[in-house]
Amino acid sequence: MSLLVPRKIRWPGLLVFVAAVVFTLYAALTPGDNTGLIPWDKAKHFIVFYGLTFLATMALPKSRWWKIAAVLLVFGVAIEILQALPIVGRDADVLDIVADALGIGFFFGPIMVRDGLNRD
């Protein structure tokens, strides 16, 4: 592979992103508690999805922002669907999806504004 060809995937970043996704899924499906630095569940969702969005953009720098946002939002919805299963023992909440979407949106908001301002 030539050094002049831009890389579409940054493999170390992708490994970190995948590890974060696996940890997020694990944390979402195991019994939770409201202890720790951030006791409010919606803030946790916002921060986690903001962070996942950052990691995804670092791992996949050539991907379009809306594709990353869509995949992460589907991931958030999937978590809530899984949490609704009786075997999991967690509660699903549509407001968690809203917090996920806000985390994603707050990360991409400045990028969207920048891209909109740079159109000539």
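So, a few notes on the structure that sits alongside this text. Predicted model only: the values in this text are computed from it and were never measured.

In this section: the side chain of Lys 42. Considering the arrangement of structural elements, one finds Lys 42 in helix H2 (residues 41-59). Since its relative accessible area comes to 16%, Lys 42 is described here as buried. Side chain to side chain, Lys 42 and Asp 96 meet in a polar contact 2.7 Å long. If sequence neighbours within four positions are ignored, Lys 42 has contacts with Asp 93, Leu 95, Asp 96 and Ala 99.

Take the packing of aromatic side chains next. Applying the stated rule across the entire model yields seven aromatic pairs. Ring plane angle 20 degrees and centroid distance 6.2 Å describe the contact between Phe 46 and Tyr 50, whose orientation is recorded as stacked. Placement of both Phe 46 and Tyr 50 in helix H2 is noted, with a separation of four residues, approximately one turn of the helix. For Tyr 50, a relative accessible area of 35% translates into the label partly exposed. Each residue in the set Phe 46, Tyr 50, Phe 54, Trp 65, Phe 106, Phe 107 and Phe 108 is aromatic and connected to the rest through ring pairs, giving one cluster.

Cut-offs and rules
- Residues numbered from 1 in each chain as written.
- Predicted model: local features only at pLDDT ≥ 70, side-chain atom pairs only at ≥ 80, totals over all residues.
- Heavy atoms only, no water.
- Helix = DSSP H or I, 4+ residues; strand = E, 2+ residues; numbered from the N terminus.
- Buried < 20%, exposed > 50% of the residue type's maximum accessible area, 1.4 Å probe, protein only.
- Polar contact = N/O pair within 3.5 Å; in protein donor to acceptor, adjacent residues only side chain to side chain.
- Contact = heavy atoms within 4.5 Å.
- Phe/Tyr/Trp six-rings, centres within 6.5 Å; stacked < 30°, edge-to-face > 60°.

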